[in-house]
Amino acid sequence: MRLTAITAATLTASAAFASEDIADKYPQSELYNKPVEVIPHVFSAIGATAPPTYENSGHNNNLSFIVTGDGVVVINGGASARLAKALHEEIKAVTDQPVKLVINENGQGHAMLGNSYWAEQGVDILAHEDAIAEVEKNGDFILQGMQGYNKDKAKGTEVVVPNLSFSDKHVVEMGDVTIEVLHLGPAHDPGDAQVWIPQWSIVIAGDIAFHERMPPIFPETDTDAWIETFDGPFTDLGATYVIPGHGHPTNMAQVTRYTSDYIKDLRAKIGAHIDAGGDLSDAYYVDQSNWAHLDTFEELATKNAGRVFEEMEWE
């Protein structure tokens, strides 16, 4: 399949092409970036690599969509109803086909708070059962957090639980495309979903894969299991093209380097620290200088180290 010019550029982009210091790259829209066609029929609006802010409208993840020939499949509801509507306007500019399905890649706010807009359009919303449990448990708290930074832009957003669920695999046959919605195993967040299109060798990976910003490690993240899922079934897909949860479209070599290799390096550093009798207070400052060029390094590096220490201390 011939790549478009924009794809050729994005697949070879280094971290230098992304900067968390750019407040908004598409000011005429609520979206941080105008969607680009990554490969034919697959588009993505690339979000900021910074934390969510009023300036980026919470669009700090990738909002993707697939034009199938008989309808559109959207990946991620967006961080607000207004953001979801802005994405819908861009979809309408590309195709007259209706949006028939929205997939939440996990239960985080930027994946699911825009569900309220899509539900009003009568669109089915699909998520993994663990992501749905997260929305049901913490949705109101997540909404309050978004309202805090997004202020007036949060108007009209409500928590809407996906009406369709899956456990391991959900196959969508639509138009000329077979789409496999997968949960390959534990990774970054409960219910992480990967959207795999075998005929086009592209995976919309979600938060199992990072490369331009540092992967955040949450208190509940099992980093050993994340490595196992990444190096096993995720790598075994053999994807040529990867749209990660954050950052520009890329390839498996890049996301392997900045996800699996990063977590392995941090675990090795923390393991050596523990073996030397080190405690938590010093674990925060293990050497992560090899990764200092990644966006959100300042916000996440010490937190990641502390959380891996707390995890490995009992392994």
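Relevant structure appears above.
Residues numbered from 1 in each chain as written. Predicted model: local features only at pLDDT ≥ 70, side-chain atom pairs only at ≥ 80, totals over all residues. Heavy atoms only, no water.

*Asks:* Can you help me understand the environment of Asp 222 in this one?
*Replies:* By the secondary structure assignment, Asp 222 is in the loop between β11 (202-206) and α6 (223-236). Classification of Asp 222 as partly exposed rests on a relative accessible area of 37%. The sequence separation of Asp 222 and Val 73 amounts to 149 residues, and the corresponding C-alpha distance is 30 Å. (Helix = DSSP H or I, 4+ residues; strand = E, 2+ residues; numbered from the N terminus. Buried < 20%, exposed > 50% of the residue type's maximum accessible area, 1.4 Å probe, protein only.)

*Asks:* For this particular structure, what's the right way to read the layout of surface pockets?
*Replies:* A probe matching the size of a water molecule, rolled over the atoms, marks out where space remains unfilled. Space inside the largest pocket adds up to approximately 790 Å³. If you go around the largest pocket, you meet 29 residues; those closest to its centre are Pro 52, Gln 108, Gly 109, His 110 and Phe 218. Those elements giving two or more residues to the lining of the largest pocket turn out to be α3 (109-112), α5 (129-150) and α9 (297-312). Among the elements that make up the lining of the largest pocket, the one with the highest residue count is α5 (7 residues). Here the lining of the largest pocket is composed, by residue class, of 12 nonpolar, 10 polar and 7 charged. (1 Å grid on protein atoms, 1.4 Å probe; cavity = no way out; pocket = protein on both sides within 12 Å on 5 of 7 lines; lining within 4 Å. Points joined across faces, edges and corners; volume = space filled by probe spheres on them. Nonpolar A, V, L, I, M, F, W, Y, C, P; charged D, E, K, R; others polar.)

*Asks:* Quick question: what am I supposed to make of unusual backbone geometry here?
*Replies:* For residues besides glycine, phi is generally negative; the peptide bonds are generally trans as well. The phi torsion at Ser 57 lies on the positive side, around 60 degrees, for a residue other than glycine. With respect to the helices and strands, the residue Ser 57 is situated in the loop between β2 (42-45) and β3 (63-67). For Ser 57, a relative accessible area of 3% translates into the label buried.

*Asks:* What is the right way to read the sheet that holds strand β9 (residues 177-182) from this model?
*Replies:* The strand order across the open sheet formed by 5 strands is β8-β9-β10-β11-β12, and the pairing between neighbours is mixed. The sheet terminates laterally at β8 (169-174) and β12 (241-244), the two strands that pair on one side only. Taken pair by pair, the neighbouring strands of this sheet meet at an average axis angle of 15 degrees, ignoring direction. Two elements, β8 and β9, share 6 bridges in a ladder whose sense is antiparallel. Residue pairing across strands places Lys 169 opposite Leu 182, the latter belonging to β9. (Pairing = 2+ DSSP bridges. Axes fitted to C-alpha atoms, helices over the stretch in contact; angles between N-to-C directions.)

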